[in-house]
Amino acid sequence: MKTGTLKQILLITDGCSNQGEDPIAMAALAKEQGITVNVIGVMERDEIDEKGITEIEGIAMSGGGVSQVVYAKQLSHTVQMVTRKAMTQTLQGVVNRELQHILGGEKTVEDLPPDQRGEVMEVVDELGETAELEVLVLVDTSASMKHKLPTVKESLFDLSLSLNARSGENRFSVFVFPGKKKEVEKLLDWSPNLGSLTSIFSKLTTGGITPTGPAIREALTYFKKKRSLRSLLSRDDESFFEESV
Amino acid sequence: MMMNHSLKSQFKINQGTVIEGKWHHNRYTIVKELGYGANGIVYLAQCRNQQVALKMSDNGMSITSEVNVLKSFAKVQGDCLGPSLLDVDDWIYKQGQISFYVMEYIQGPDLLSFIQQKGPSWIEVVILQLLNNLHRLHQNGWVFGDLKPDNLIVTGPPPRIRCIDVGGTTIQGRAIKEFTEFFDRGYWGLGTRKADPGYDLFAVAMILINIAYPKRFNKTSGDLKQLIFMVRQKKELQKYEGVILNALQGKYHSAEEMRNSLLQLNQARPQSKATNRAPNSNQNQARTNRIVVSRQTHLKKKKRGGFLETFFIFLIISLLYIFYIYGQLV
């Protein structure tokens, strides 16, 4: 079974958007394009408000992803867990569709007797281990996030550590919003690990507004661009790498 | 962790609730909650006069995944690898359907409580048992993954350590499924999260540290230096320092190797008291010495002093002899 590349947007924020399009609608748009949107709400003590939580859950729900509100301290563990959980969820969806193909009707894994689910799970596990994954990280750098950024950086390292233990390929890119001139600014182009983040993160400045919706919209175009422009290049890279090894 | 809380509040099953399986129609009466793991809640339940542990999760796939692990354990002889699996089923309740599996109820305190109750002389015994279990697990192509005192129960008597939560158990070579930061090699920057025996052995070393620091501690510099510093702070870890350091640095390739060096550590002690001065010629001893070189115990210093003393006496006598021969020749 081929799953193609799994595409995810990981949004790390600490509150409500206050500019531009509705982020929930933008997440739905992402889902339509086969891109999952996961959201992590970072809070300090209990300062995150009800409205913020509703938005966070809404974005993940319409983006077909996973959401989680955590204290900054727990961020590392959460980032990798949310990403993996969303991967499994997506793969499960793929396997379910495949099953429906075979069994017909609206059957899902849950309709199989428990004994037969095991084999299906092995397929999902196997796919999760080997599938190619693209994660575009969107970091909210509005003023209130300023002192959480070192933790965010650390948790992104941790994420690449977790995902690079898989045998499948990973690509990460990092965007921040609001950017210096535009609403969204690219920090790191598609790369297999997040090691180069250190120097960039320390230079980050934080701004006032939180254009979450426009940030997601912009991120979507970046997935497309990458597919058309870079897919050829990256394939070449791989074959070269294999030869040199 | 937050996920557990939300799950917990969502699924508060009262004592006395009867859970009937959709497929196999077994009836389980909930007695109490035993605890919650990474992917679900475990209850103590009663089924035909037998006490069992029942694990429930709103994530059906994680239940299936754990059942797969337990099934594969069942094929291996002996029962040390994990709790034995009794039943897998779905429970239909008002709001929907939830997956659960039933396993043997392993009764006893967790590792830390056990050590607190029984005293530090048990540390070595349970760690040796644990390494034995891990060795068998590794030989069968698995890595336990989420190894921590909370997942280790000491049953008995006679006391025997058992691993209970297989949520993190991963096929060797894959990415670790579930882990706890304090026990995770990657968190401390001392390796990858790829499942290999060394990953579990790192966690064993951290368990030893956790025994000395029951509240654990946070990452500061977050590297080997911090861990070494913390190990040296505690008197009760002195004995194990060499083994801990080797495990932290991934120098052991198998649980058996770590177990042997732990055993040798023990053998070396009475001998070093008895033969304080004589340098040891036997190979095992030499190996132990190498492992414990970094230990700065009083005993070691004394022993090394003894060796130096012998060496100097030998040197002086040799020199005198050479002078004597020289004198004779001239």
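Remember, predicted model here, so these are calculated numbers, not experimental data.

Asker: Let's hear about the overall build of chain A: which residues, and what values?
Answerer: Of regular secondary structure, chain A possesses seven helices and six strands. Along chain A, helices (α) and strands (β) appear in the sequence β-α-β-α-β-α-α-β-α-β-β-α-α when read from the amino end. Relative to its full complement of 245 residues, chain A shows a buried share of 51%. The long-range share in chain A, meaning contacts at least 24 apart out of those at least 6 apart in sequence, stands at 78%. Surface accessibility of chain A: about 11300 Å² in total, with carbon and sulfur atoms responsible for 53%.

Asker: Explain the nonpolar core residue by residue, including any values.
Answerer: Soluble globular proteins tend to bury their nonpolar side chains together. Of all hydrophobic cores here, the largest spans 66 residues; its most connected members are Ile209 and Leu248 of chain B. Of the residues forming this core, the biggest block, 11 residues, is contributed by helix H5 (residues 197–212) of chain B. Taken domain by domain, the makeup of this core includes at least three residues from each of domain 1 (2–104) and domain 2 (111–291) of chain B. If you look at the next biggest cluster of nonpolar residues, it comprises 43 residues, including Met87, Ala131, Val174 and Leu204 of chain A.

Asker: For the packing of helix H3 (residues 75–103) of chain A against helix H4 (residues 114–130) of chain A, give the residues involved together with the corresponding values.
Answerer: Residues and elements named next belong to chain A. As a packed pair, H3 and H4 sit with axes 10 Å apart at the nearest point and diverge in direction by 130 degrees. Taken as axis vectors, H3 and H4 run oblique relative to one another. Helix-helix and strand crossings are classified by hand; for H3 and H4 the assignment is right-handed. Taking contact as the criterion, the partners of Met87, Thr88, Leu91, Val95 and Leu99 in H3 are, on H4, Val120, Val123, Val124, Leu127 and Gly128.

Asker: Which residues make up the pairing of strand E6 (residues 96–104) of chain B, and what values do they have?
Answerer: Residues and elements named next belong to chain B. Where strand E4 (residues 50–57) lies against E6, six bridges are found, and the strand directions are antiparallel. Each bridged residue has a counterpart across the sheet, and for Lys55 the counterpart in E6 is Tyr101. Sheet topology note: the strand E5 (residues 85–93)/E6 ladder contains eight bridges and is antiparallel. When the sheet's bridge partners are listed, Trp91 is paired in E6 with Ile98. Between the antiparallel neighbours E5 and E6 lie two residues.

Asker: I'd like to hear about the interface of chain B and chain A, residue by residue, with values.
Answerer: Taken together, the contacts link 29 residues of chain B with 35 residues of chain A. Summed over both partners, the interface of chain B with chain A buries about 2800 Å², with 54% contributed by carbon and sulfur atoms. Scanning the region where chain B abuts chain A turns up four salt bridges. Glu154 of chain A is the salt-bridge partner of Lys219 of chain B, the closest N and O atoms lying 3.9 Å from each other. Counting across the interface, chain B meets chain A through nine residue pairs in polar contact (both at pLDDT 80 or more). Of all the secondary-structure elements, those providing two or more residues to the side of chain B that touches chain A are helix H1 (2–10), helix H2 (60–74), E5 and E6 of chain B. For the side of chain B that touches chain A, the element with the highest residue contribution is H2 of chain B, accounting for six residues. Partitioned by chemical class, the residues of the side of chain B that touches chain A number nine nonpolar, 10 polar and 10 charged.

Asker: If you had to explain the confidence of the model for chain B to someone new, which residues and values would you point to?
Answerer: Mean pLDDT for chain B: 82, with 83% of residues reaching 70 or above. Note that pLDDT drops below 50 for residues 271–300 of chain B; the model gives that stretch 36 contacts with residues more than four away or on any other chain.

Asker: Account for unusual backbone geometry, with residues named and values stated.
Answerer: The general pattern is negative phi for most residues beyond glycine and trans for most peptide bonds. In this structure, Pro178 of chain A follows Phe177 of chain A across a cis peptide bond, with omega equal to -5 degrees. On the secondary structure map, Pro178 of chain A appears in the loop between strand E5 (170–177) and strand E6 (185–191). Along the chain, Pro157 of chain B connects to Pro158 of chain B via a cis peptide bond; the corresponding omega equals -5 degrees. Counting through the fold element by element, Pro158 of chain B comes out in the loop between strand E8 (152–155) and strand E9 (160–163). Positive phi is not limited to glycine here, since Asn49 of chain B has a value of about 65 degrees. Exposure remark for Asn49 of chain B: the relative accessible area of 77% places this residue in the exposed category.

What counts as what
As a convention, each chain's residues are numbered from 1 in the sequence order in which they are written. As they are written, the chains are lettered A onward and the ligands numbered 1 onward, keeping that order. Since the coordinates come from a predicted model, pLDDT governs what is reported: local features require at least 70, and pairs of side-chain atoms require 80 or more to be given and counted, while whole-chain, interface and lining totals use all residues. Based on all heavy atoms of the structure, the side-chain values leave hydrogens and waters out of the count. For helices the rule is a DSSP run of H or I covering at least 4 residues; for strands it is a run of E covering at least 2, with both sets numbered from the N terminus onward. The buried label applies to any residue whose accessible area, calculated with a 1.4 Å probe on protein chains only, is under 20% of its type's maximum; exposed applies above 50%, and partly exposed to all values in between. Two residues qualify as a contact provided that any one of their heavy atoms is within 4.5 Å of a heavy atom in the partner residue. Every accessible area reported is derived by Shrake-Rupley at a probe size of 1.4 Å, with residue values counting cover from the shown protein chains alone. Here, the term nonpolar core denotes a set of buried Ala, Val, Leu, Ile, Met, Phe, Trp, Tyr and Cys residues that are joined through side-chain atoms within 4.5 Å. Reported domain spans reflect what an automatic or database domain assignment gives. A fitted line through C-alpha atoms serves as each axis, taken over the contacting stretch for helices, and the angle formed by two N-to-C directions is quoted from 0 to 180°. For classification, angles of less than 35 degrees are called roughly parallel, those exceeding 145 degrees roughly antiparallel, those between 65 and 115 degrees roughly perpendicular, and all remaining angles oblique. The hand of a helix crossing depends on one turn: near helix anticlockwise from the far one by less than a right angle means left-handed, and clockwise means right-handed. Strands pair, by our definition, only if DSSP identifies at least two bridges between them. Accessible-area loss on putting two parts together, using a 1.4 Å probe and summing over both, is the definition of buried area adopted here. What makes a salt bridge here is a side-chain nitrogen of Lys or Arg within 4 Å of a carboxyl oxygen of Asp or Glu, nothing more. In the analysis that follows, any N or O atom pair within 3.5 Å is treated as a polar contact, provided that within protein one partner can donate a hydrogen and the other can accept it, and provided that, for residues neighboring in sequence, both atoms belong to side chains. We call Asp, Glu, Lys and Arg charged. Ala, Val, Leu, Ile, Met, Phe, Trp, Tyr, Cys and Pro are nonpolar, and the rest, Gly among them, are polar. pLDDT: the predictor's confidence for each residue, scored from 0 to 100.

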